Amino acid sequence: MILTGGLKSLLPHVLRKIIRCNRLSISNTSGMAEGYKQANVVILHKSLADDFEKFCHANDGPLPLLYRTKPGDWKCPSLSKDSDIRTDCLQYRIFEHGVCTGSLKSLKEYSEELKDMVTFYLGCSFSFEKAVQNAGIPVRNVEQKCNVSMYKTAVPCYSVSTFCCNLVVTMRPIPESKLEAAVLATSELKEAHGAPIHMGDPGLLGIQSLSKPDYGDPVHLHPGDIPVFWACGVTGVEAVINCRAPLAFTHSPGCMFITDLKNDNVTVGSSREVPQVHCISQDPLHYSIVSSEAAQKIKTLETLIGIDPGDRGIIHLHRPGELLKACLAISHAPSVLVTTGFPTHYTYEPPEENDGPPGALAIAAILQALEKEVAIVTDQRAMDLNKKIIEEAVQLGILKRPVPLFSYQRESADSALMFLCENGNPERPRFNHLIAIERAGMAADGNYYNARKINIKHLVDPIDELFLAAQTIPGVMTTGVGDGGNELGMGKVKDAVKKHIKNGDVIACDVEADFTIVAGVSNWGGYAIACALYILSTCEIHDRYLRKAVGFPPLSKKTVWLSALPSVTKEEKLLKTLVRHGVRSGKTASLEMEVDGLPFYNTHSLMIEKLL
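Quantities reported herein were computed from a predicted structural model and do not represent experimental measurements. (Residues numbered from 1 in each chain as written. Predicted model: local features only at pLDDT ≥ 70, side-chain atom pairs only at ≥ 80, totals over all residues. Heavy atoms only, no water.)

**Student:** Help me understand the overall build of the protein, please; the structure alone is not making it clear to me.
**Tutor:** Helix and strand counts for the protein stand at 20 helices and 22 strands. With respect to the three principal axes, the spread of C-alpha positions in the protein is 90 × 50 × 45 Å. For the protein, with 612 residues in total, the buried portion stands at 59%. Sequence separation of 24 or more characterises 76% of the internal contacts of the protein that already satisfy a separation of 6 or more. Looking at the protein as shown, the accessible area adds up to about 24,600 Å², and 51% of this sits on carbon and sulfur atoms. Once the 63 positive and 68 negative side-chain charges of the protein are each reduced to a mean point, those two points are 5 Å apart. (Helix = DSSP H or I, 4+ residues; strand = E, 2+ residues; numbered from the N terminus. Buried < 20%, exposed > 50% of the residue type's maximum accessible area, 1.4 Å probe, protein only. Contact = heavy atoms within 4.5 Å. Areas by Shrake-Rupley, 256 points an atom, 1.4 Å probe, with all protein chains shown as cover. Lys, Arg positive; Asp, Glu negative; His and termini not counted. Charge placed at Lys NZ, Arg CZ, Asp CG, Glu CD.)

The structure is reproduced here in structure tokens:
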């Protein structure tokens, strides 16, 4: 028997000959023939071949198709010169009616059956291991001399005919400081599954325990390592099981076919295509990916909305990068709860100001277009007003459909938890992200203040409690949008508010959000969130990460997303609606000035339009 020493430097045709002679004492091909592509193998009856090829194209992250043979063809000349698929994998599995009935070292005894069967060669992550090492990143499974860990997930693939299954992934521990390098090293290697589809808590993929892989071996994490998951070709094995074909063969997971094709180094086309990695949650740990081009656009939006027309000192409250991180987190959230309402005109009826509702509806509109669940929670006394505003927003075409509207009252110690989660169970949240925009926030003394230090607590329901409760629910994130420091979520910058904002020592909101977006006018923050979500949705790198590299890019929906964005016309219509319902401006006269004949509000939304 030949042992493993030196196998990584052998040429592929030599390795295949050794494998063919059954002279290797190894259990997988990880680290072998460094720099050459390896392949998963699926062999099916010719009657299933066309549908399986369509299934591969529909899920090209886990199933990048390298080659499809004709029926009965045991060779693959475009991948290797002298190969024989019956003998050139370390080990095979045989499936009968979806059940694995055994493992084989050779398929020669099935040569007659193979005459009516088609072989698919699919890309493998072993192919990118050398590129990862060249980037200075340790490959733990190679270090630990074991097979890579493979896990079934709860992520469904795009189904084609009888081929349907959930995604299978490989996991490689990557030092946190090397995450971006790992993404960069693999993102252009499309035939080896490309960039990761998830980084962080395995539970977000439906994986219960890293110590119990469904295929392969457990790979141990070093201190500081983050579990990073790539789409895996063993997804094809799961598809074979579920299609229940009378007879099918696959490679045994980890026992790949080694090709003669080199994994040539691929460089990213331009700096704008370079992927960036951002941590968007600590509990559960979750990272997201975005292109440098999209990230820069969102940073430009953040700068744009940071103009301080009232010269109130909000520049000191800015948290650079918060808009990007907030919107990355929102893009991963299936269900979002929005709140707004600042009764600054406490002697009038209604006491609301017109800063907040337009921004909230802009956020709701893009979330509807992105097919997310969205609801609004507001004060009980303002329910009728908000219901009318929402109805008119639908009539005006700002919203596709009415947004569910709720109020919140504290009735018991667990009221907030009961509101946010099914039966108060933190493991079953109704909402994954809470957004407050120009919503009165509770100060340190438990009161609520407008900018002039007037206590308006009697007009404000304790929606802050939802944000405080969200801090105790894993996976529920919060964002606060404000322009003065007394808004819900601004607790993150309360020290700066107390130091730089007039009356800040009294009015500063004490309740933090995970992400704080500071704008010259809060509506601008809402418009920026809507525009940033559009930018992320049209970013190919981020979209692939969101859909876990299965299914197709939703390019046909781009027009729908674009039509949902805020605009000057929409803003004018909505502000007129608010005036008709008695809602007044809450900003100083300096915000009512005109620029080039347009109200300053509209001038700003026009600038955002031009940016997009």
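More follows now that the structure is in view.
**Student:** Sorry if this is basic, but what is going on with the domain arrangement of the protein here?
**Tutor:** When the parts of a complex come together, some accessible area is lost, and that lost area is often used as the size of the interface. Each domain of the protein was delimited in the assignment, giving domain 1 (28-125 + 243-262), domain 2 (127-237) and domain 3 (280-611). Placing a centre on the C-alpha atoms of domain 2 and another on those of domain 3 gives a separation of 35 Å. Taken together, the 20 residues of domain 2 in the interface contact 13 residues of domain 3. Here domain 2 and domain 3 share an interface that buries about 1,400 Å² over both sides, 69% of which is from carbon and sulfur atoms. Looking at the side of domain 2 facing domain 3, the largest losses of area belong to Tyr-158, Ile-197 and Met-199, adding up to 35% of the total buried there. Linking domain 2 to domain 3 there are zero salt bridges. Counting every contact that joins domain 2 to domain 3 gives six residue pairs in polar contact (both at pLDDT 80 or more). (Domains from an automatic or database assignment. Buried area = accessible area lost by both parts, 1.4 Å probe. Salt bridge = Lys/Arg side-chain N within 4 Å of Asp/Glu carboxyl O. Polar contact = N/O pair within 3.5 Å; in protein donor to acceptor, adjacent residues only side chain to side chain.)

**Student:** Which parts of the structure should I look at to understand the pattern of salt bridges?
**Tutor:** In a structure, side chains of opposite charge can pair up when their charged atoms sit close to one another. Counted according to the given criterion, the structure contains 25 salt bridges. With a shortest N-O distance of 2.6 Å, Glu-352 and Arg-381 are connected by a salt bridge. With Glu-352 in the loop between β15 (335-341) and α10 (357-369) and Arg-381 in the loop between β16 (373-378) and α11 (383-395), the pair connects residues that are 29 residues apart, well separated along the chain. On the accessibility criterion, Glu-352 (6% relative accessible area) is buried. Overall, the relative accessible area of 36% leaves Arg-381 in the partly exposed class. Salt bridges here are not isolated pairs; linked through shared partners, they connect Glu-352, Asp-379, Arg-381 and Arg-439.

**Student:** What is the right way to look at the side chain of Asp-88 in this model?
**Tutor:** Within the secondary structure, Asp-88 is located in the loop between β2 (65-68) and β3 (92-96). With a relative accessible area of 1%, Asp-88 lands in the buried category. Engagement of the side chain of Asp-88 in a polar contact is seen with the side chain of Arg-20, the distance being 2.8 Å. Side-chain polar atoms of Asp-88 contact the backbone nitrogen of Asp-84, separated by 2.9 Å. Excluding residues within four positions of it along the chain, Asp-88 makes contact with Arg-16, Ile-19, Arg-20, Asp-82, Ser-83, Met-256 and Phe-257.

**Student:** Could you clarify how one ought to interpret unusual backbone geometry in this entry?
**Tutor:** Excluding glycine, residues mostly carry a negative phi; peptide bonds, for their part, are mostly trans. Omega for the peptide link from Asp-283 to Pro-284 comes to 0 degrees, which places this bond in the cis form. You can see Pro-284 is positioned in the loop between β13 (275-282) and β14 (285-291). One non-glycine residue with positive phi stands out, namely Ala-33, at about 45 degrees. Within the secondary structure, Ala-33 is located in the loop between α1 (12-20) and β1 (36-45). Residue Ala-33 is classed as buried on the basis of its relative accessible area of 1%. Positive phi, close to 65 degrees, is recorded for Ala-549, a residue that is not glycine.

**Student:** How do you make sense of the side chain of Ser-111 when you look at a structure like this?
**Tutor:** Tracing the sequence through the fold places Ser-111 in helix α3 (residues 111-114). A distance of 2.9 Å separates the side chain of Ser-111 from the side chain of Arg-86, its partner in a polar contact. Beyond its immediate chain neighbours, meaning those up to four positions away, Ser-111 contacts Trp-74 and Arg-86.

**Student:** Honestly, the sheet that holds β16 in this entry has me stumped. Any pointers?
**Tutor:** Backbone-to-backbone hydrogen bonds pair the strands of a sheet. The strands run either parallel or antiparallel. Reading across the sheet, the six strands line up as β17-β16-β15-β18-β19-β20 and stay open at both edges, with parallel pairing between neighbours. Each edge of the open sheet carries a strand with a single partner, namely β17 (405-407) and β20 (515-518). In this sheet, neighbouring strand axes are inclined to one another by 25 degrees on average, regardless of whether the strands run parallel or antiparallel. Contacting β15, β18 (433-439), β19 (477-482) and β20, helix α9 (residues 322-331) crosses the sheet at an angle of about 125 degrees to β20. (Pairing = 2+ DSSP bridges. Axes fitted to C-alpha atoms, helices over the stretch in contact; angles between N-to-C directions.)

**Student:** Help me out: how do you make sense of the pairing of strand β6 (residues 149-156) in this one?
**Tutor:** With five bridges joining them, β6 and strand β7 (residues 166-175) adopt antiparallel strand pairing. Residue pairing in the sheet places Pro-156 in a bridge with Asn-166 of β7. Note: β6 against strand β9 (residues 215-216), two bridges, orientation antiparallel. Bridge assignment links Ser-149 to a residue of β9, and that residue is Gly-216.

**Student:** Is there a simple way to explain the sheet that holds β14 in this structure?
**Tutor:** The strand order across the open sheet formed by seven strands is β9-β6-β7-β10-β8-β14-β13, and the pairing between neighbours is antiparallel. Each edge of the open sheet carries a strand with a single partner, namely β9 and β13. Strand contacts of helix α7 (residues 235-243): β6, β7 and β9, with the helix running at about 160 degrees to β7, the strand carrying the most contacts. Strands β13 and β14 of the sheet are contacted by helix α8 (residues 292-305), whose axis makes an angle of about 95 degrees with β14.

**Student:** How should I be thinking about the pairing of strand β4 (residues 99-104) in this particular structure?
**Tutor:** Strand residues, when the strand is regular, have side chains that alternate between the two faces of the sheet. Relative to β4, β3 runs antiparallel, the two sharing five bridges. The residue of β4 that forms the bridge with Phe-95 is Cys-100. The hairpin formed by β3 and β4 contains two residues between the paired strands, and His-97 there has a positive phi angle of roughly 55 degrees.

**Student:** What's the story with the nonpolar core in this structure? I'm lost.
**Tutor:** Val-338, Ile-366 and Ile-529 are the most contacted members of the largest nonpolar core, which totals 65 residues. At 11 residues, helix α16 (residues 522-537) tops the list of elements feeding residues into this core. What Ile-366 contacts, discounting residues up to four positions off in sequence, is Ala-530, Leu-533, Tyr-534, Trp-561, Ala-564 and Leu-565. Of all hydrophobic cores here, the second largest spans 45 residues; its members include Phe-120, Leu-167, Phe-229 and Cys-243. (Core = buried A, V, L, I, M, F, W, Y, C linked by side-chain atoms within 4.5 Å.)

**Student:** Looking at this structure, I do not really get the confidence of the model for the protein. What am I missing?
**Tutor:** Keep in mind that low pLDDT regions are not for reading the predicted coordinates in detail. Confidence along the protein averages 92 in pLDDT terms, with 92% of residues attaining 70 or more. Long-range and interchain partners of residues 588-600, a stretch whose pLDDT sits below 50, account for 19 contacts in this model, where long-range means more than four residues apart. (pLDDT = per-residue confidence, 0-100.)

**Student:** Can you walk me through empty space enclosed by the protein in this structure?
**Tutor:** Where empty space is left becomes clear once a probe the size of a water molecule has been rolled over the atoms. By the definition in use, this model includes six cavities of 30 Å³ or more. Estimated volume of the largest cavity: approximately 100 Å³. Around the largest cavity, the lining comprises 13 residues; the ones closest to its centre are Pro-358, Ala-362, Ile-398, Pro-566 and Lys-570. Element by element, the count of residues in the lining of the largest cavity is highest for α10, at four residues. Estimates place the volume of the second largest cavity at around 90 Å³. The wall of the second largest cavity is formed by 13 residues, among which Gly-31, Glu-34, Phe-126, Glu-129 and Lys-130 lie closest to the centre. Within the residue set of the lining of the second largest cavity, elements represented by two or more residues are β1 and α4 (129-134). A breakdown of the residues in the lining of the second largest cavity according to their chemical character gives five nonpolar, five polar and three charged. The two domains that each donate at least three residues to the lining of the second largest cavity are domain 1 (28-125 + 243-262) and domain 2 (127-237). (1 Å grid on protein atoms, 1.4 Å probe; cavity = no way out; pocket = protein on both sides within 12 Å on 5 of 7 lines; lining within 4 Å. Points joined across faces, edges and corners; volume = space filled by probe spheres on them. Nonpolar A, V, L, I, M, F, W, Y, C, P; charged D, E, K, R; others polar.)

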